[in-house]
Structure formats: structure tokens, C-alpha cells
Amino acid sequence: MVSETEENYLKAIYKLSEKVEEGAYINTNAIAHQMNTKAASVTDMIKRLSEKKLLIYKKYKGVMLTESGATMAMNLIRKHRLWEVFLLEKLHFKWDEVHDLAEQLEHVQSGELTNRLDAFLGHPKYDPHGDPIPDKDGNIVYQSHLNLTDLSAGDKGVIVGVNEHTPDFLRYLEDQKLVLGTHLELIKCHEFDNSMELLVNQERTLTVSNLVSRNLTIKKHEKVLDES
């Protein structure tokens, strides 16, 4: 039996592993930072998860999830993101409210409930923040995207995700009407502070900070060449 705290560690390690090369080990300091806890607590948890064959630990390298550990983590992520869709679309919570609620609901153990929830929602591929939802077999459809900071003046795209999920940031985006599906054109990047001047939905201009632009994920529109 795995506790909720152990599940949270597995999910955190899985998310960290997505940011490094395949087969790389995750160091304990990174886990401590992700979990907002002390390194000593991480060491104790690593020992427990190792004994349950959910991760592999190598001294001076860090940890790597075993196949069973990765499967458990992916199932948690699947449940979390499906619940976020349900809470937003069916219960009409705001997108800055669904994360904390889904953190509680993701620990429900019934696989049948998860599968029925998936079917009820029409097998969504992405959650309200643009993150991909694994299917019941663990398959994930990743979006081809860039950060807003990767665009050049004149480039156009649509917001497909956000990298920062804190309620304050999501409320800011909603206030500025920078939600998923919003079309943007980069007018200018200011060298002084790397802030960006944007044309939003071809209707209004808006200047956003570098912090905001680093956390917006964009699907870039391909430029159409004039063949005349």
C-alpha cells in the first residue's frame, strides 16, 4: 500500500524526469525543492520508496523511477488532469481553482472510476492549463509548442498552455484575457527589460513582462509564403 505522501513524491519525481534526458537520475536537492521540504525528509522517503521497488537510488547520482513507480506516477497525473477538466467544464470552477481540488481527488484509487470519468468527458487530450493527459495505456499526445519568448517580431501564434499554475498567475492571465485559445502577434520585444508588446486577437495591444512571457506556451502559426 502506498500513502498519499508517497504518491506525491512519485509524481514530483516523474515531473522532474520529464525535464531531463531519458535515463538521467534526479538529485535529492531537486526533489526537495519540488516538494518544498528538507533534504533529510527526501532521503527518508527515498529509502521507503526504494524498499517498495518504486524507484532506484544510486549514491551521488540520485533516483530514477522503476517501471512500476513510473506507471503509478503517470496514473496520478492522468487522474489529476481529468479531474481538472471535470471541475472546470462540468462544475464550472475557475481554472485557478481546479488544481488544489484535483490534488485531493487524484488519490481516489478506483481505476474504473477514472476510466468512466475519461469516457464521460469525451477522452480529452489536454487539461485546462494545456498539459497533456495520458490515456489508460499511458500514451501521451504532446503539443508542438514554444515559449512566447522564442518568438520574433511579426510572429503569430495561439496560447496552448501555461508553465506556471499558481492561482495568482492564472487570475492575472484571466484578467488580461490571455487564456488558452487566445491569438497573439508579437509586435516588439523591448531590450531594456525583455518585456513584450503584443497584439491580442487582432483587437488590442498589451505589454507583458518577461516573467509572463516565459510562462506562456504558444503554438506558432506557420508563415504562408507568397508564391505569386
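So, a few notes on the structure that sits alongside this text. Being a predicted model, the structure only gives us computed values, none of them experimental.

If you trace the backbone, valine 85 turns up in helix α4 (residues 67–89). What makes valine 85 buried here is its relative accessible area of 2%. If we skip the residues at most four places from it in the chain, valine 85 touches Lys90, Leu121, Pro124, Tyr126, Asp127, Pro128 and Ile133.

Moving on, we come to unusual backbone geometry. Look at lysine 53: it is not a glycine, yet its phi comes out positive at around 60°. Along the polypeptide, lysine 53 turns up in the loop between α3 (39–51) and β1 (55–58). The class for lysine 53 is exposed, based on a relative accessible area of 61%. We note that glutamine 202 has phi near 55°; this positive angle belongs to a residue other than glycine. What makes glutamine 202 exposed here is its relative accessible area of 66%.

Right, let's talk about the packing of aromatic side chains for a bit. Summed over all chains, the structure comprises 2 aromatic pairs. Taking 6.4 Å as the distance between ring centres and 55° as the angle between the ring planes, the aromatic pair formed by phenylalanine 86 and phenylalanine 120 counts as tilted. Separated by 34 residues along the polypeptide, phenylalanine 86 in helix α4 and phenylalanine 120 in helix α6 (residues 111–120) bring together distant segments of the chain. On the basis of relative accessible area, phenylalanine 86 is assigned to the buried category, the value being 18%. Here phenylalanine 120 falls in the exposed class, since its relative accessible area comes to 53%. Members of the aromatic cluster, connected to one another through ring pairs, are Trp83, Phe86 and Phe120. We note lysine 90 situated over the ring of phenylalanine 120; from NZ or CZ to the ring centre the distance is 5.4 Å.

Quick look at the sheet that holds strand β6 (residues 196–200) now. One open sheet accounts for 6 strands, arranged β3-β8-β4-β5-β6-β7; its pairing is antiparallel. The open sheet has two edge strands, β3 (146–147) and β7 (204–208), and neither has a second partner. As paired strands, strand β5 (residues 183–189) and β6 are joined by 5 bridges and run antiparallel to one another. Opposite glutamate 185, over in β6, you have leucine 199 as the bridge partner.

One ladder, built from 2 bridges, connects β3 with strand β8 (residues 216–220); its direction is antiparallel. Bridge pairing in β8 places asparagine 147 opposite threonine 217. Inspection of the sheet shows strand β4 (residues 156–162) paired to β8 by 5 bridges, in the antiparallel sense. By the bridge assignment for β8, glycine 161 is matched with threonine 217.

So, about the pattern of salt bridges. Pairing between side chains of opposite charge can happen when their charged atoms approach one another. Counted by the stated rule, this structure contains 10 salt bridges. Note that glutamate 103 and lysine 11 form a salt bridge whose closest N and O atoms lie 2.8 Å from each other. Linking glutamate 103 in helix α5 (residues 98–105) with lysine 11 in helix α1 (residues 4–17), this pair joins segments that are 92 residues apart in sequence. You can call glutamate 103 partly exposed: its relative accessible area is 25%. Two residues, aspartate 168 and arginine 171, come together in a salt bridge whose shortest N-O distance is 2.5 Å.

Now for the packing of α1 against helix α2 (residues 28–35). Geometrically, a packed helix pair is captured by the angle between its two axes and the distance between the axes. Following both chains from N to C, one finds α1 and α2 inclined at 115°, their axes separated by 10 Å at the closest point. Between α1 and α2 lies a crossing whose hand is right-handed. Counted together, Asn8, Tyr9, Ala12, Ile13, Lys15 and Leu16 of α1 and Ala30, Ile31, Gln34 and Met35 of α2 form the full contact between these two elements. When the residues that make up the contact of α1 with α2 are grouped by side-chain class, the tally is 7 nonpolar, 2 polar and 1 charged.

So, how was this worked out
- Within any chain, residue numbers begin from 1 and follow the written order of that chain's sequence.
- Since the coordinates come from a predicted model, pLDDT governs what is reported: local features require at least 70, and pairs of side-chain atoms require 80 or more to be given and counted, while whole-chain, interface and lining totals use all residues.
- In computing side-chain values, all of the structure's heavy atoms are included and hydrogens and water are not.
- Here a helix means four or more residues in a row that DSSP labels H or I, a strand means two or more in a row labelled E, and each is numbered from the N terminus.
- Throughout, exposure labels follow a simple rule: accessible area from a 1.4 Å probe, protein chains only, divided by the maximum for the residue type, with under 20% read as buried, over 50% as exposed, and the rest as partly exposed.
- Any two residues having at least one pair of non-hydrogen atoms within 4.5 Å are treated as being in contact.
- Between 30 and 60 degrees the pair is tilted, below 30 it is stacked and above 60 it is edge-to-face, where a pair is any two Phe, Tyr or Trp rings, Trp via its six-membered ring, whose centres lie within 6.5 Å.
- Each ring is checked for a lysine NZ or an arginine CZ that lies within 6 Å of its centre and within 35 degrees of its normal; such an atom marks a charge sitting over the ring.
- One requirement defines pairing of two strands: DSSP has to find at least two bridges between them.
- Any Lys or Arg side-chain nitrogen located within 4 Å of an Asp or Glu carboxyl oxygen qualifies as a salt bridge.
- Axis definition: a line fit to C-alpha positions, over the contact stretch in the case of helices; interaxial angles, taken between N-to-C directions, run 0 to 180 degrees.
- With the far helix as reference, a near helix turned anticlockwise by less than a right angle produces a left-handed crossing, and one turned clockwise produces a right-handed crossing.
- For this classification, the nonpolar set comprises Ala, Val, Leu, Ile, Met, Phe, Trp, Tyr, Cys and Pro, the charged set comprises Asp, Glu, Lys and Arg, and every other residue, Gly included, is treated as polar.

Structural measurements only, silent on function.
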